[in-house]
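One-letter residues, chain by chain:
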Amino acid sequence: MTRSAREVVELYNLVVWNERDFALAEELMGDTVIRHEVGEAITLTHEQAVARIVDHWAMFETIRFDLNLVVAGDDGEHVAIVYQSPMTGKDGASITIGSMEIFRVVDGRIVEVWNCGYKQGEWA
């Protein structure tokens, strides 16, 4: 049974990222993942998409995604999130970033992500 788009996005943030479940990342990432940012789009292979998560985790002692808002589109593919993410570096320094992302999920796998950019701080 295929997971809903919302379930995939919640698992990606709350389990893959928050619990370092890289095996689940293998399952949730598409064959390719297009990451859209303002002014550019980068296509990652499945392996690159998973490595991006593993490599990011290697820089930090702790990472947590708090989903302040999750909205699933009526099309069954798109899910928007508003989040903040407190992180502690290997040196003990703590930062929090906030952003919004829109995910496109097809057949239970993330195939596109739109990100407006990150900013340090918490949502007010």
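Residues numbered from 1 in each chain as written. Predicted model: local features only at pLDDT ≥ 70, side-chain atom pairs only at ≥ 80, totals over all residues. Heavy atoms only, no water.

Trainee: Honestly, helix α1 (residues 5-17) in this entry has me stumped. Any pointers?
Mentor: Given 3.6 residues per helical turn, the α-helix brings residues three or four places apart onto the same face. With 13 residues, α1 should reach 18 Å at 1.5 Å per residue; the first-to-last C-alpha distance of 17 Å fits that figure. Taking the largest bend as the criterion, α1 deviates by roughly 30 degrees, centred on L11. Buried within α1 are the following residues: A5, V8, V9, Y12, N13, V15, V16 and W17. (Helix = DSSP H or I, 4+ residues; strand = E, 2+ residues; numbered from the N terminus. Expected span 1.5 Å × (residues − 1). Bend = angle between axes of the 7 residues up to and from the residue. Buried < 20%, exposed > 50% of the residue type's maximum accessible area, 1.4 Å probe, protein only.)

Trainee: What exactly am I supposed to notice about the confidence of the model for the protein here?
Mentor: A low pLDDT score tells you not to read the predicted coordinates there in detail. Model confidence for the protein is summarised by a mean pLDDT of 95, while 99% of its residues fall at 70 or above. At the low end of the mean pLDDT range in the protein sits strand β8 (residues 119-120), at 77; at the high end sits α1, at 98. (pLDDT = per-residue confidence, 0-100.)

Trainee: Please explain the pattern of salt bridges as it appears in this structure.
Mentor: Taken as a whole and assessed by the stated rule, the structure comprises eight salt bridges. Residue E112 is joined to R104 by a salt bridge in which the shortest nitrogen-to-oxygen separation is 3.0 Å. Taking the relative accessible area as the measure of exposure, R104 reaches 25% and is therefore partly exposed. (Salt bridge = Lys/Arg side-chain N within 4 Å of Asp/Glu carboxyl O.)

Trainee: Please explain empty space enclosed by the protein as it appears in this structure.
Mentor: If a probe the size of a water molecule is rolled over the atoms, the empty space left behind becomes visible. Within this structure, the stated rule accounts for one cavity of 30 Å³ or more. In this structure, the largest cavity encloses a volume near 30 Å³. Taken together, Y12, M29, V33, R35, L44, A49 and R52 make up the full set of residues lining the largest cavity. Sorting the residues of the lining of the largest cavity by element identifies β1 (29-37) and α3 (46-58) as the ones contributing at least two each. Each residue belonging to the lining of the largest cavity can be placed in one class, and the counts come to five nonpolar, no polar and two charged. (1 Å grid on protein atoms, 1.4 Å probe; cavity = no way out; pocket = protein on both sides within 12 Å on 5 of 7 lines; lining within 4 Å. Points joined across faces, edges and corners; volume = space filled by probe spheres on them. Nonpolar A, V, L, I, M, F, W, Y, C, P; charged D, E, K, R; others polar.)

Trainee: Looking at this structure, I do not really get the pairing of strand β5 (residues 78-89). What am I missing?
Mentor: Each regular strand displays side chains that alternate between the two surfaces of the sheet. For strand β3 (residues 60-63) and β5, the ladder comprises three bridges, and the chain directions are antiparallel. For F60, the partnering residue across the bridge sits in β5 and is G89. Note that strand β4 (residues 66-72) and β5 share six bridges and pair antiparallel. Across the sheet, residue D66 finds its bridge partner in β5, namely Q84. Linking two consecutive strands that pair antiparallel, namely β4 and β5, is a turn of five residues; a positive phi of about 80 degrees is found at G76 within it. Here β5 hands over to strand β6 (residues 94-106) after four residues, with G92 in that stretch at a positive phi of 90 degrees. (Pairing = 2+ DSSP bridges.)

Trainee: Sorry if this is basic, but what is going on with the nonpolar core here?
Mentor: Y12, V16, W17, M29, I53, F103 and I110 are the most contacted members of the largest nonpolar core, which totals 30 residues. The set of elements that each furnish at least two residues to this core consists of α1, α2 (22-28), β1, α3, β3, β5, β6 and β7 (109-115). Examining the composition of this core, we find that seven residues originate from one element, α1, more than from any other. Residues in contact with M29, not counting those within four places in the same chain, are Y12, H46, A49, V50, I53, R109 and I110. (Core = buried A, V, L, I, M, F, W, Y, C linked by side-chain atoms within 4.5 Å. Contact = heavy atoms within 4.5 Å.)

Trainee: What am I meant to see in the pairing of β1 here?
Mentor: Across four bridges, β1 lies against β7 in parallel orientation. Residue pairing across strands places I34 opposite E112, the latter belonging to β7. In terms of strand pairing, β1 meets strand β2 (residues 40-45) through six bridges, oriented antiparallel. Bridge assignment links E37 to a residue of β2, and that residue is E40. Here β1 folds back onto β2, and the loop between the two strands holds two residues, one of which, G39, carries a positive phi near 85 degrees.

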